[in-house]
Protein chains: 4
Amino acid sequence: MASSDLSGLKTPESCTADFCLIPLGTPTASVSKEVAEVQRLLKKSGLNYSMHSAGTTVEGSWDDVMRVIGQCHAMLHQNGVVRIQSDIRIGTRTDKKQGFKDKVEAVERLLKEDEK
Amino acid sequence: MASSDLSGLKTPESCTADFCLIPLGTPTASVSKEVAEVQRLLKKSGLNYSMHSAGTTVEGSWDDVMRVIGQCHAMLHQNGVVRIQSDIRIGTRTDKKQGFKDKVEAVERLLKEDEK
Amino acid sequence: MASSDLSGLKTPESCTADFCLIPLGTPTASVSKEVAEVQRLLKKSGLNYSMHSAGTTVEGSWDDVMRVIGQCHAMLHQNGVVRIQSDIRIGTRTDKKQGFKDKVEAVERLLKEDEK
Amino acid sequence: MASSDLSGLKTPESCTADFCLIPLGTPTASVSKEVAEVQRLLKKSGLNYSMHSAGTTVEGSWDDVMRVIGQCHAMLHQNGVVRIQSDIRIGTRTDKKQGFKDKVEAVERLLKEDEK
């Protein structure tokens, strides 16, 4: 950073984020209703995403991915949840383009060689 | 906690943990070799586990789950990785027994009703 | 969400995020150089932030906070780091405005009563 | 791992963990009461720890650190919290012994040189 102006520094063009969203102060300990609403919103976003038991993985540009996670918070607040905490694991890389399915396949290829 | 002695306080009998392990200072940016070794170790542990693109979910008693994640660190250190950082999302509950597959199914049931 | 259009759904006006950034595939296991660069960038951002041993807490609007974390990734990529993984804990709430210092003080007030 | 027996694989002798514990399904969105109870338990544990606004950092052997976090879950369950989710960032390294204060100081030394 030669300059002190950050406006020229663009966020990454692509990223993979995995987020686990937790509503606080809700009447029940179940979160499936909120997680279902998050899935519906992600579907509308047009981004590539995949739910698993410990979160949801979504990929796209940094700005698009972070905006949609923020919109999940905003939507649940609109629905009456007063406090929300998310844990986000986000990765970016410049050495290659790798979708989230490629990552699993790379490991599975290695494991398959064990069986030979 | 009436007493100041923690020895009588047992860790939870069951938990679900999702962990993402990152080796630092390795020659390449790829982690698939290390993740494959983690999967092999988990297989030997006998615990129920499932890999996805952003981590691995494992369930069992708190002590068993945490021990096996610690053993993953120890194994990779033995293999020459000098520094390892893991992010672990871990949940415990007393209201019901819920395996990690049940959590996904509960959300999918809600989403299926949208299609009716 | 009555409408299927997400463009009207604004991200939260304020949030507190705590992030831990990890460069992968770097020659050494030390990350202090990269963390120092992140601190310099945060200083330029004008946002309120605080470093601790396990990450950096930053507060502001959702968009401002997420942009600056993305810029940290972008800057380190420009400096030659090919892969970066961050863990972000982010919280939003509508019941009250609470800066990150207030959170620590609320707990410390409770702990001080123990000494009475 | 030449052998398929994991019993000989010891967990790391030292680690630094930073955890953020969230109670679910509690009547209020405030968590300061629960966080204060966690601090009291940590004090009794004898481990070195430090609270900040986004979690608590604790250091010790892998087993001791993980046991005490599990005991925090168990204690809050005893107090009536039915579901608890924690995010844990845990690091181990074999190249040097580094306490959590050393990590902050290493970065601050680099930042101080900027002012020269």
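The name given to chain A in an unreviewed UniProt entry is Thiamine-binding protein domain-containing protein, with the source organism recorded as Lojkania enalia. Per UniProt, chain A carries the Sequence similarities (unreviewed entry) text "Belongs to the UPF0045 family."

### Some details on the overall build of chain A
Across its full length, chain A holds three helices and four strands. Listing every helix and strand of chain A by position from the N terminus yields β-α-β-β-α-β-α. Relative to the globule expectation of 13 Å for 116 residues, the C-alpha radius of gyration of chain A, 17 Å, shows a markedly less compact shape. Out of the 116 residues in chain A, the part that is buried amounts to 59%. Sequence-distant contacts in chain A: of pairs separated by 6 or more residues, those separated by 24 or more amount to 70%. Computing the positive centroid from 16 side-chain charges and the negative centroid from 16, chain A places the two 4 Å apart.

### Notes on the relation of the copies chain A and chain C
If you rotate chain A by 180° and push it 0.0 Å along the axis, it lands on chain C with an RMSD of 0.0 Å. Taken together, these values place the two copies in the relation of a two-fold axis. In terms of C-alpha distance to the rotation axis, chain A has A:Ile88 as its closest residue, with the C-alpha 2.5 Å off the axis. Comparing interface residues between copies, 100% of those in chain A also lie at the interface in chain C; the contact surface is shared.

### What about the UniProt feature "domain: Thiamine-binding protein" (unreviewed entry) in chain A?
According to UniProt, the "domain: Thiamine-binding protein" (unreviewed entry) feature falls on residues 17–108 of chain A. When the span residues 17–108 of chain A is considered, its composition is 43% helix and 33% strand, and the gap between its end C-alpha atoms is 21 Å.

### Quick notes on the pairing of strand S4 (residues 83–93) of chain A
Buried residues dominate S4(A), accounting for eleven of its eleven residues. The two faces of S4(A) match: A:Arg83, A:Gln85, A:Asp87, A:Arg89, A:Gly91 and A:Arg93 on one face and A:Ile84, A:Ser86, A:Ile88, A:Ile90 and A:Thr92 on the other face are all buried. As paired strands, strand S1 (residues 15–24) of chain A and S4(A) are joined by nine bridges and run antiparallel to one another. In the sheet register, A:Asp18 faces S4(A), and the bridge partner there is A:Arg89. Two elements, S4(A) and strand S4 (residues 83–93) of chain C, share eleven bridges in a ladder whose sense is antiparallel. Along S4(C), the bridge assignment pairs A:Thr92 with C:Ile84.

### Concerning helix H1 (residues 32–45) of chain C
Across its 14 residues, H1(C) extends 20 Å between first and last C-alpha, which sits within 8% of the 20 Å expected from 1.5 Å per residue. In this structure, the buried residues of H1(C) make contact with strand S1 (15–24), strand S2 (48–52), strand S3 (55–60) and helix H2 (62–78) of chain C together with helix H3 (100–112) of chain D. Taken from the residues just after H1(C), C:Gly46 is the one with a positive phi, measuring 80°.

### Some remarks on the sheet that holds strand S4 (residues 83–93) of chain B
Reading across the sheet, the eight strands line up as S2(B)-S3(B)-S1(B)-S4(B)-S4(D)-S1(D)-S3(D)-S2(D) and stay open at both edges, with antiparallel pairing between neighbours. Either end of the sheet is taken by a strand with one partner, and the two such strands are strand S2 (48–52) of chain B together with strand S2 (48–52) of chain D. Averaged over all adjacent pairs, the angle separating strand axes in this sheet is 20°, with direction ignored. Direction of pairing for strand S1 (residues 15–24) of chain D relative to strand S3 (residues 55–60) of chain D: antiparallel, over a ladder of five bridges. For D:Thr16, the partnering residue across the bridge sits in S3(D) and is D:Glu59. Strands S4 of chain B together with S1, S2 and S3 of chain D of the sheet are contacted by H3(D), whose axis makes an angle of about 55° with S2(D).

### Details of the interface of chain A and chain C
Contact residues are listed per partner, giving 39 residues for chain A and 39 residues for chain C. In total, about 3,400 Å² of surface goes out of reach between chain A and chain C, with carbon and sulfur atoms giving 58% of it. Looking only at chain A, the three residues that lose the most surface to chain C are A:Leu6, A:Leu9 and A:Lys44, adding up to 17% of its buried area. Between the two partners, chain A and chain C, sit zero salt bridges. The interface formed by chain A and chain C includes 17 residue pairs in polar contact (both at pLDDT 80 or more).

### Brief notes about helix H3 (residues 100–114) of chain B
In an α-helix there are 3.6 residues to a turn, and that puts residues three or four apart on one side. Burial in H3(B) covers these residues: B:Phe100, B:Val104, B:Ala106 and B:Val107. End-on view of H3(B): buried residues confined to an arc of 155°, all on one side of the axis. Opposite the packed face of H3(B), turned more than 90 degrees from it, sit the exposed residues B:Lys101, B:Arg109 and B:Lys112. Residues of H3(B) that are buried make contact with helix H1 (32–45) and strand S2 (48–52) of chain A together with strand S1 (15–24), S2 and strand S3 (55–60) of chain B.

### A short note on the interface of chain C and chain D
Every contact between the two is made by 30 residues of chain C and, on the other side, 30 residues of chain D. The contact between chain C and chain D buries some 2,300 Å² in all, and 62% of this surface belongs to carbon and sulfur atoms. A salt bridge links C:Arg89 to D:Asp87, with the shortest nitrogen-to-oxygen separation between them at 2.7 Å. Our enumeration of links across chain C and chain D arrives at eleven residue pairs in polar contact (both at pLDDT 80 or more). Taken together, the elements giving at least two residues each to the side of chain C that touches chain D come down to S1, H1, S2, S3, S4 and helix H3 (100–114) of chain C. For the side of chain C that touches chain D, the element with the highest residue contribution is H3(C), accounting for nine residues.

### A look at the sheet that holds S1(A)
The eight strands lie next to each other as S2(A)-S3(A)-S1(A)-S4(A)-S4(C)-S1(C)-S3(C)-S2(C), forming an open sheet whose pairing is antiparallel. Pairing within the sheet leaves two strands with one partner each, and these edge strands are S2 of chain A together with S2 of chain C. Taking each pair of neighbouring strands and ignoring which way they run, the sheet shows an average axis angle of 20°. Sitting on the sheet, helix H2 (residues 62–78) of chain A touches S1, strand S3 (55–60) and S4 of chain A together with S4 of chain C, and the angle it makes with S4(A) is about 170°.

### Considerations on the relation of the copies chain C and chain D
If you rotate chain C by 180° and push it 0.0 Å along the axis, it lands on chain D with an RMSD of 0.0 Å. An overlap of 100% is found between the interface residues of chain C and their copies at the interface of chain D, pointing to a shared contact surface.

### As for the packing of H2(A) against H2(C)
Packing of H2(A) against H2(C) brings their axes to within 10 Å, and their N-to-C directions diverge by 150°. Our classification of the angle between H2(A) and H2(C) gives roughly antiparallel. Handedness of the crossing formed by H2(A) with H2(C): right-handed. Between H2(A) and H2(C), the residues in contact are A:Trp62, A:Met66, A:Ile69, A:Gly70 and A:His73 and C:Trp62, C:Met66, C:Ile69, C:Gly70 and C:His73, respectively. Grouping the amino acids of the contact of H2(A) with H2(C) by side-chain chemistry returns six nonpolar, four polar and no charged.

Rules used throughout
Residues numbered from 1 in each chain as written. Chains lettered and ligands numbered in written order. Predicted model: local features only at pLDDT ≥ 70, side-chain atom pairs only at ≥ 80, totals over all residues. Heavy atoms only, no water. UniProt positions renumbered as here; feature names shortened; annotations may be inferred. Helix = DSSP H or I, 4+ residues; strand = E, 2+ residues; numbered from the N terminus. Rg over C-alpha atoms; globule rule 2.2 N^0.38 Å. Buried < 20%, exposed > 50% of the residue type's maximum accessible area, 1.4 Å probe, protein only. Contact = heavy atoms within 4.5 Å. Lys, Arg positive; Asp, Glu negative; His and termini not counted. Charge placed at Lys NZ, Arg CZ, Asp CG, Glu CD. Least-squares fit on C-alpha atoms with pLDDT ≥ 70 in both. Pairing = 2+ DSSP bridges. Expected span 1.5 Å × (residues − 1). Axes fitted to C-alpha atoms, helices over the stretch in contact; angles between N-to-C directions. Buried area = accessible area lost by both parts, 1.4 Å probe. Salt bridge = Lys/Arg side-chain N within 4 Å of Asp/Glu carboxyl O. Polar contact = N/O pair within 3.5 Å; in protein donor to acceptor, adjacent residues only side chain to side chain. Arc of directions from axis to C-beta. Parallel < 35°, antiparallel > 145°, perpendicular 65-115°, else oblique. Left-handed = near helix turned anticlockwise from the far one by under 90°. Nonpolar A, V, L, I, M, F, W, Y, C, P; charged D, E, K, R; others polar.

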